[in-house]
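Each chain, letter by letter, is given below.
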Amino acid sequence: MKLDRLLQAQGFGSRRQCRQLVELGEVRVRGDVVDDPDAAIDTAGLTYEVAGEAWIYREKTYLALFKPAGFECSHEPKHHRSVYSLLPHPLVVRNVQSVGRLDVDTTGLLLFSDDGAFIHTLSSPKKHVPKIYRAELAEPAADTLVPRLLAGVDLIDEPRPVAALDACLRGPTTLEMRLDLGKYHVVKRMIAAAGNHVQTLHRSGFGGLSLGEGPLAGLAEGQFIYLDADALRQLRAV
Ligand code: URA
């Protein structure tokens, strides 16, 4: 692939801007400065640098972010910062999108990609990809809370009762639940329908990936990592 096209596809700006970067000597390919924007580059296992920053060529990109509270899952946030401000600018330019959304006050695992088929598959209700949430409740849980969530609760706009795949109490006011639906405010609405109220919400798992474990061990709040082929296999292994 020609170097200018390659840089454009990786999110470094318009073709003209990418040609300029190369002509200014800002681009190194496999360690050496290449100043010809039309140079043909083998993308297999490619590492390169732009303005001193190292990058790996990725045809499609897959990311996991530990979302902090106070960030909106929108490119045009209304009242808070955008989760996209936590990602490097070239990834935003290449149009990575979040796989579903978390509320502004929800923390936890949020995936991103620029692979439309991947996003569609993981967010499709038909695929039943489970997610794990931990909710801190406003009131100590009544004995009826878990049974009601497991049996299914009625939500406005949902034609059928919505049930958790699993739900268990981790303390008097701490509830963990597994769910394969990705509807707006679904956890908060389910818990409200079951007679309690969410104070804080955290998503600890998505598919076969969990924060603090395996490929996501050590991922701190506000940080992201690239998901490699092994991590993507683990994500799907549920
Ligand atoms: N359910 C909610 O209520 N909020 C989220 O952020 C995610 C799931």
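These figures come from a predicted structure and were not determined experimentally. Residue numbers restart at each chain and count upward from 1, following the sequence in its written direction. Local features in a predicted model are, by the rule used here, given only for residues with pLDDT of at least 70; side-chain atom pairs are given and counted only at 80 or more, and totals for whole chains, interfaces and linings are based on all residues. Excluding hydrogens and water, the side-chain values take into account all heavy atoms of the structure.

(A) Just the site of the ligand, in detail. Only heavy atoms are used to decide nearness, and a residue is near a molecule or strand if one of them lies within 4 Å of it. The full set of residues close to the ligand is L102, D103, T106, Y133, H185, V186, V187, K188 and L201. Distance and chemistry together define a polar contact, namely a pair of N or O atoms within 3.5 Å, with one atom able to donate a hydrogen and the other to accept it when in protein, and with adjacent residues in sequence counting only for side-chain atoms on both sides. Taking H185, its main chain carries an N or O atom lying 3.2 Å from an oxygen atom of the ligand. In this structure, a nitrogen atom belonging to the ligand sits 3.4 Å away from a main-chain N or O atom of V186. For every accessible area listed, the method is Shrake-Rupley and the probe measures 1.4 Å; residues are considered covered only by the protein chains on display. Its free accessible area being 240 Å², the ligand has 97% of it covered by the protein chains. Of all the elements, helix 6 (residues 186–193) adds the most residues to the shell around the ligand, at three residues. Basically, the charged four are Asp, Glu, Lys and Arg, the nonpolar ten are Ala, Val, Leu, Ile, Met, Phe, Trp, Tyr, Cys and Pro, and anything else, Gly included, counts as polar. Its residues assigned to classes, the shell around the ligand shows five nonpolar, two polar and two charged. For the shell around the ligand, the two domains that each supply at least three residues are domain 2 (62–125 + 208–236) and domain 3 (130–206). Only DSSP runs of H or I reaching four residues or more are called helices, and only runs of E reaching two or more are called strands; each is numbered from the N terminus. Domain ranges listed in this record stem from an automatic or a database domain assignment.

(B) Up close: the pattern of salt bridges. In what follows, salt bridge is the name for a side-chain nitrogen of Lys or Arg lying within 4 Å of a carboxyl oxygen of Asp or Glu. The tally for this structure, following the rule as stated, stands at 10 salt bridges. Here D114 ties to R94 by a salt bridge, and the two come within 2.8 Å at their closest N and O atoms. With D114 in the loop between strand 9 (107–113) and helix 4 (116–123) and R94 in the loop between helix 3 (89–93) and strand 8 (97–98), this pair connects stretches of sequence that are 20 residues apart. Residues D114 and R94 agree in their burial class; the two are buried. The partner of K183 in a salt bridge is E158, and the shortest N-O contact between them spans 3.9 Å. In this pair, K183 sits in the loop between strand 12 (174–179) and helix 6 while E158 sits in the loop between helix 5 (145–151) and strand 11 (166–171), placing the two residues 25 residues apart along the sequence. In this scheme, a residue with accessible area under 20% of its type's maximum is buried, one over 50% is exposed, and one in between is partly exposed, where area comes from a 1.4 Å probe on protein chains only. Residue K183 is classed as partly exposed on the basis of its relative accessible area, which comes to 35%. Through salt bridges with shared partners, a single network forms among D4, R15, R19 and D38.

(C) The arrangement of the sheet that holds strand 1 (residues 27–29) in detail. Taking strand neighbours across the sheet as the criterion, the four strands line up as 2-1-3-4 in an open arrangement whose pairing is antiparallel. Looking at strand neighbours, the two that pair on one side only are strand 2 (32–33) and strand 4 (53–56), the edges of this open sheet. Relative to strand 4, strand 3 (residues 47–50) runs antiparallel, the two sharing four bridges. Pairing of Y48 across the sheet is with W55, part of strand 4. We treat two strands as partners when DSSP finds at least two bridges between them.

(D) Representation of the domain arrangement of the chain in the model. For the chain, the domain assignment lists domain 1 (3–56), domain 2 (62–125 + 208–236) and domain 3 (130–206). Look at where the C-alpha atoms of domain 1 and domain 3 centre, and you get two points 48 Å apart.

(E) Just unusual backbone geometry, in detail. A positive phi is found at R30, a non-glycine position, where the angle reads about 50°. Structurally, R30 can be placed in the loop between strand 1 and strand 2. Phi at H185 is positive, roughly 55°, even though this residue is not glycine. Checked against the element boundaries, H185 lands in the loop between strand 12 and helix 6.

(F) Region of interest: helix 4. What helix 4 keeps buried is the set F118, I119 and L122. Looking down the long axis of helix 4, one finds its buried residues gathered within 95° of arc, a one-sided arrangement. When the buried face of helix 4 is taken as reference, the exposed residues oriented beyond 90 degrees from it are A117 and H120. Here the buried face of helix 4 lies against strand 5 (62–67), strand 8, strand 9, strand 10 (131–137), strand 13 (198–206) and helix 7 (229–236). The arc under discussion is defined with respect to the helix axis, by the directions toward the C-beta atoms. Whether two residues touch is decided by their heavy atoms; if any such pair falls within 4.5 Å, the residues are in contact.

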